[in-house]
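Residue strings, one per chain:
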Amino acid sequence: LQVAEGLLAGLIGHASLFFQGGILHRDISPNNIIVIDDSLPQLTLASSPVLTPSDPFAWIWPRDTPLRGCLIDLDYAIEASAQPSGAFDRTGTYPFIAIQVLRGLERHRYRHDLESFLYVLLW
């Protein structure tokens, strides 16, 4: 249950990065999702610095409920609106890279990060 809560917190953080910050993570792996111990102070959406009346995540996770994890390591992150660099190298942790990106058939998109979350869940 604790791993599932950590993964959900990672998904919420990922969605927030993309939809509110315009940032695509591109390196979803078990090492980049931290599960927070229950004995530590918990982060809630209510304690986040950006509070908006139309919270797009309210239906997923109530603001006053503690999140049990977070998404880290933005080394490979890019602005979602950035143009492709033309480089053929793939970014991310290989066992968790989306298949179409790994094959070099598509540019990395939001849905490819979601596919990586699935591979983390199956790991």
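Up top you'll find the structure we're talking about.
Residues numbered from 1 in each chain as written. Predicted model: local features only at pLDDT ≥ 70, side-chain atom pairs only at ≥ 80, totals over all residues. Heavy atoms only, no water.

Student: What exactly am I supposed to notice about the overall build of the protein here?
Tutor: Within the protein, the secondary structure is distributed over three helices and six strands. Secondary structure elements of the protein occur, N-terminal to C-terminal, as α-β-β-β-β-β-β-α-α. Once local pairs closer than 6 in sequence are excluded, the contacts in the protein between residues at least 24 apart make up 71%. Put simply, the protein shows about 7,700 Å² of open surface, and 61% of that area lies on carbon and sulfur atoms. (Helix = DSSP H or I, 4+ residues; strand = E, 2+ residues; numbered from the N terminus. Contact = heavy atoms within 4.5 Å. Areas by Shrake-Rupley, 256 points an atom, 1.4 Å probe, with all protein chains shown as cover.)

Student: Can you help me understand a nonpolar patch on the surface in this one?
Tutor: A cluster of nonpolar residues, Leu118, Leu121 and Leu122, forms a patch on the protein surface that exposes about 330 Å² of accessible area. With respect to the element layout, Leu122 can be found in helix H3 (residues 110-122). With a relative accessible area of 63%, Leu122 lands in the exposed category. (Patch = residues over 30% accessible without salt bridge, like charges linked within 9 Å, V, L, I, M, F, W, Y side chains within 5 Å. Salt bridge = Lys/Arg side-chain N within 4 Å of Asp/Glu carboxyl O. Buried < 20%, exposed > 50% of the residue type's maximum accessible area, 1.4 Å probe, protein only.)

Student: Would you mind going over unusual backbone geometry with me for this structure?
Tutor: In most cases, non-glycine residues show a negative phi, while peptide bonds are predominantly trans. Despite not being glycine, Arg26 shows a phi value in the positive range, around 70°. Within the fold, Arg26 resides in the loop between strand E1 (23-24) and strand E2 (33-35). A positive phi is found at Asp73, a non-glycine position, where the angle reads about 65°. Structurally, Asp73 can be placed in the loop between strand E5 (69-71) and strand E6 (78-79).

Student: Any chance you could explain the nonpolar core here in plain terms?
Tutor: The tendency in soluble globular proteins is for nonpolar side chains to be buried as a group. Core analysis: the biggest nonpolar cluster contains eight residues, these being Leu7, Ile28, Ile33, Leu71, Phe96, Phe117, Tyr119 and Val120. In terms of residues, this core owes the most to one element, H3, which gives three residues. Excluding its chain neighbours within four sequence positions, the residues that come into contact with Val120 are Leu7, Ile28, Ser29, Pro30, Ile33 and Phe96. (Core = buried A, V, L, I, M, F, W, Y, C linked by side-chain atoms within 4.5 Å.)

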